[in-house]
Amino acid sequence: MMEIQSAFNAGLQGFQRASAGISEATTDINRQTSANREQVAAAETDVRQAEAPEQSRATQPQTPSVEQSLVQLTNESRNAEANVRSIQAADQALGTIIDVRV
């Protein structure tokens, strides 16, 4: 019974970590998309094209590229799915034990 709780808790913690990773990846994608839009807007209006990227780097924290964030999002999504399966397996095992004992 203790191993089932351990498996359940590990699955739950893994799912929570994956959820946090998904949130982080989507935030990074949004930041990068916003930064790209700002750069395009600055280029279209010809407002200090050469200085704008340097200023944005100095004032904004470095974010991973959209591609890196999409890879992270995919990985975290798969981690979440795997942890959900582990939670389901622990739940089924517990249900089986309860059925056998009753």
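Here, the structure is the one placed above.
Residues numbered from 1 in each chain as written. Predicted model: local features only at pLDDT ≥ 70, side-chain atom pairs only at ≥ 80, totals over all residues. Heavy atoms only, no water.

Trainee: Provide a residue-level description of the overall build of the protein, including the pertinent values.
Mentor: Check the secondary structure of the protein and you find 3 helices and 0 strands. For the protein, with 102 residues in total, the buried portion stands at 18%. Of the roughly 7,500 Å² of accessible surface on the protein, 53% is carried by carbon and sulfur atoms. (Helix = DSSP H or I, 4+ residues; strand = E, 2+ residues; numbered from the N terminus. Buried < 20%, exposed > 50% of the residue type's maximum accessible area, 1.4 Å probe, protein only. Areas by Shrake-Rupley, 256 points an atom, 1.4 Å probe, with all protein chains shown as cover.)

Trainee: Let's hear about the side chain of Asp28: which residues, and what values?
Mentor: Mapped onto the fold, Asp28 is located in helix H1 (residues 2-44). The contacts of Asp28, once residues within four sequence positions are left out, are Pro64, Ser69 and Gln72. (Contact = heavy atoms within 4.5 Å.)

Trainee: Give me the pattern of salt bridges: which residues, what numbers.
Mentor: In this structure the tally under the stated criterion is 2 salt bridges. Ionic pairing is found between Asp28 and Arg31, a salt bridge with its closest N-O pair at 3.7 Å. With Asp28 and Arg31 both in helix H1, this residue pair falls 3 residues apart, about one helical turn. Asp28 sits in the buried class, given a relative accessible area of 6%. Looking at Arg31, the relative accessible area reads 44%, which means it is partly exposed. The shortest N-O distance in the salt bridge between Glu81 and Arg85 comes to 3.8 Å. Residue Glu81 and its partner Arg85 are both found in helix H3 (residues 66-101); the two are separated by 4 residues, about one turn of the helix. For Glu81, a relative accessible area of 41% puts it in the partly exposed group. What makes Arg85 exposed here is its relative accessible area of 52%. (Salt bridge = Lys/Arg side-chain N within 4 Å of Asp/Glu carboxyl O.)

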